[in-house]
Amino acid sequence: MSKSWLYAWGLAGVAFGGASLVVPLYVVELGGSAATLGTLAAVAAAVGVPGALVFGRLADRTGRRRGLVLGTLALLVVSLAVLPVLESIPAVIAVNGVVWFAFAAATPVVTLLAVAGAPEAEWSARIGELNEYQGTGWALGLLLGVAWTGAATRLGDASGIGGLLLALAALAGGGLLASIRWLPADAESAEVSPRRLRRALRRANRFSVRAATFPLAVGRADFRRLHPERLAERFTPTLALYFGAITLCFTGFAAFFAPLPAYLTDIGVGSDGAFALYLVSSVASAAVFERVGEASGRRDPMSLQVLGLSARGIAFPLVFVVGGALGVSALGYLGMTVVFGVVGLTWAVIAVTAGTLVTRLAPLSVRGEALGVYAALSALAGTVGSVIGGRLAATSYAWGFAAAGALVLVGAALVHLLGRWTRRNADSATTATDPAEGPPSDPPRSTETPTDDG
């Protein structure tokens, strides 16, 4: 696979990464409250799954994957260029929704382009490489925000946000022009088996820093053959309970991140400081991802996830405690940096273990679709959690962040109980004794590695 078009998509990743924080900061600059940011984030989350579904299926039916990607990049360029001239918060919310619709819509299509024309054995490596380029671009977008807004402040501009939006639009435009030149032709994009692609997506466990600071957009899942009715019929009690637990957790994640830019602004952290803290979280997560993956192979992933969720649930209200107690002093910045680092580290643990647990708990025939449901539920939880978090934080940041942490801790407790029940059932099956009391046990399933997803 030629890497030229990956550089083009990486440029788009810079624009998406910068937009993930600069637009909320712009809404705050226009007078938006924490509740407004909740609405902003909820709209961004709500457009994700429809965008991925529609464009994924269009890519299959028309075969025009190149044109679909170019169309989403054009949407990104126009949206970012228009934002600085908008002074109406509802208009900004609507245009920001277009930005994240473009991101969600492009994600499945660029995944198909990454594997097109390659032997199946190479798909995992290609998807992993795509994630690396996109994730690096996202981090560079946050780094650009640190440098741009910091320089603007020193030069007398209160925030530099308008100029940064135009710079991101220019970078997105560069990505569009490069994509016109380098994106593979549609003729090179043969049909890809959804079942085989799902397997490759599971194996390509490469991390993107995006979700460490923006848990609202859909993941890189294959939505093209998602059949909710078939899944509902085949869900096991343990999988349903796990989905309930993880939905609570993602609701808490969104409830924390949605009003966070308003809180950082209110305590005196400048735009450059906010970008820096988000970058710390992303880098901390990316730095330990591979090690967490190795640890999850040696230890029980469910226990690891409980630890990660519990630490994250405690860290969310600590952001308020540290910010309120220490303010924007040198000690305050140090304390906030440590807490944001913990938030990022815990995401690496959660991200690695979640995919493993969904795969293990789902019946063989619906494993790929179960991963699609996981991604869809996380986006739905992002919509609900953003509204809840924004409304609570508008009344009190203390209550808002405490509620976010509580949701995550309740989800962690459910995962812990699920782990105990599954271990008891496993021990009972091994010793041929009666099953321990708990939720209805799942029917026995083969432990052999399947050759296909269904």
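Keep in mind it's a predicted model, so treat the numbers as computed, not measured.

Enquirer: Can you help me understand the overall build of the protein chain in this one?
Expert: Per the secondary structure count, the protein chain includes 17 helices and zero strands. With 454 residues in all, the protein chain has 56% of them scored as buried. In the protein chain, the proportion of contacts linking residues at least 24 apart, taken out of those at least 6 apart, comes to 86%. Summed over all atoms, the accessible surface of the protein chain reaches about 17,700 Å², with 63% contributed by carbon and sulfur.

Enquirer: In this structure, what is going on with the packing of aromatic side chains? I would like to understand it.
Expert: By convention here, two paired aromatic rings are described through the distance between centres and the angle between planes. Inspection of the entire model under this criterion finds 23 aromatic pairs. Taken together, a centroid distance of 5.9 Å and an interplanar angle of 75° make the contact between Phe250 and Tyr374 edge-to-face. In this pair, Phe250 sits in helix H11 (residues 237–257) while Tyr374 sits in helix H16 (residues 367–395), placing the two residues 124 residues apart along the sequence.

Enquirer: Would you mind going over empty space enclosed by the protein with me for this structure?
Expert: Rolling a probe over the atoms, with the probe sized like a water molecule, indicates the empty space that remains. In this structure the tally under the stated criterion is two cavities of 30 Å³ or more. By volume, the largest cavity amounts to about 160 Å³. Lining of the largest cavity is provided by 17 residues; of these, Ser20, Pro24, Phe214, Leu216 and Phe257 occupy positions nearest its centre. Elements with a contribution of two residues or more to the lining of the largest cavity: helix H1 (4–29), helix H2 (34–46) and helix H5 (89–115).

Enquirer: What's the story with the packing of helix H4 (residues 65–82) against helix H7 (residues 161–182) in this structure? I'm lost.
Expert: Between two packed helices, what matters for the description is the angle formed by their axes and the separation of those axes. Axis separation between H4 and H7 bottoms out at 8 Å; the angle between their running directions is 160°. Of the possible angle classes, the one that applies to H4 and H7 is roughly antiparallel. Relative to H7, the crossing made by H4 is left-handed. Residue-level contacts link Arg66, Leu70, Leu73, Ala74, Leu76, Val77, Leu80 and Ala81 of H4 to Leu165, Leu166, Leu168, Ala169, Ala172, Gly173, Gly175, Leu176, Ser179 and Ile180 of H7. Partitioned by chemical class, the residues of the contact of H4 with H7 number 14 nonpolar, three polar and one charged.

Enquirer: Looking at this structure, I do not really get the side chain of Ser386. What am I missing?
Expert: Assignment of secondary structure puts Ser386 in helix H16. Exposure remark for Ser386: the relative accessible area of 0% places this residue in the buried category. Contacts of Ser386, omitting those with residues within four sequence positions, involve Gly38, Ala41, Ala42, Leu216, Ala254, Ala255, Ala258 and Ala381.

Enquirer: What is the right way to read the packing of H4 against H5 from this model?
Expert: One way to put it is that H4 packs onto H5 with a least axis distance of 9 Å and a crossing angle of 155°. Put simply, H4 runs roughly antiparallel to H5. Viewed along their axes, H4 and H5 form a crossing whose handedness is left-handed. On H5, the residues that touch Arg65, Leu68, Val69, Thr72, Leu75, Leu76, Ser79 and Leu80 of H4 are Val95, Val98, Val99, Ala102, Ala105, Ala106, Val109, Val110, Leu112 and Leu113. Residue classes in the contact of H4 with H5 are distributed as 15 nonpolar, two polar and one charged.

Enquirer: Hey, could you run me through a nonpolar patch on the surface in this one?
Expert: There is a patch of nonpolar side chains on the surface, built from Ile314, Leu318, Val321 and Leu409 and spanning about 320 Å² of accessible area. At three residues, helix H14 (residues 301–326) tops the list of elements feeding residues into the nonpolar patch. Mapped onto the elements of the fold, Val321 is located in helix H14.

Enquirer: Please clarify how the confidence of the model for the protein chain should be interpreted in this entry.
Expert: The predicted coordinates of low-pLDDT regions are not to be read in fine detail. For the protein chain, mean pLDDT is 83; residues scoring 70 or higher make up 81% of the total. Of the regions scoring below 50 in pLDDT, residues 432–438 engages in 10 contacts with residues more than four places distant in sequence or in other chains. Below pLDDT 50 for its whole length, residues 443–454 participates in 21 contacts with residues either more than four positions away or in separate chains.

Enquirer: Explain the environment of Val384 here, please?
Expert: When you line up the elements, Val384 lands in helix H16. Overall, the relative accessible area of 40% leaves Val384 in the partly exposed class. Separated by 345 residues in sequence, Val384 and Thr39 have C-alpha atoms that sit 9.7 Å apart.

Enquirer: In this structure, what is going on with the nonpolar core? I would like to understand it.
Expert: Within the largest apolar cluster, 124 residues are counted, with the highest numbers of intra-cluster contacts made by Leu80, Leu260 and Leu264. The residues touching Leu260, leaving out its near neighbours within four places in the chain, are Tyr278, Val319, Phe340 and Phe401.

Quick notes on the rules
Residues numbered from 1 in each chain as written. Predicted model: local features only at pLDDT ≥ 70, side-chain atom pairs only at ≥ 80, totals over all residues. Heavy atoms only, no water. Helix = DSSP H or I, 4+ residues; strand = E, 2+ residues; numbered from the N terminus. Buried < 20%, exposed > 50% of the residue type's maximum accessible area, 1.4 Å probe, protein only. Contact = heavy atoms within 4.5 Å. Areas by Shrake-Rupley, 256 points an atom, 1.4 Å probe, with all protein chains shown as cover. Phe/Tyr/Trp six-rings, centres within 6.5 Å; stacked < 30°, edge-to-face > 60°. 1 Å grid on protein atoms, 1.4 Å probe; cavity = no way out; pocket = protein on both sides within 12 Å on 5 of 7 lines; lining within 4 Å. Points joined across faces, edges and corners; volume = space filled by probe spheres on them. Axes fitted to C-alpha atoms, helices over the stretch in contact; angles between N-to-C directions. Parallel < 35°, antiparallel > 145°, perpendicular 65-115°, else oblique. Left-handed = near helix turned anticlockwise from the far one by under 90°. Nonpolar A, V, L, I, M, F, W, Y, C, P; charged D, E, K, R; others polar. Patch = residues over 30% accessible without salt bridge, like charges linked within 9 Å, V, L, I, M, F, W, Y side chains within 5 Å. Salt bridge = Lys/Arg side-chain N within 4 Å of Asp/Glu carboxyl O. pLDDT = per-residue confidence, 0-100. Core = buried A, V, L, I, M, F, W, Y, C linked by side-chain atoms within 4.5 Å.

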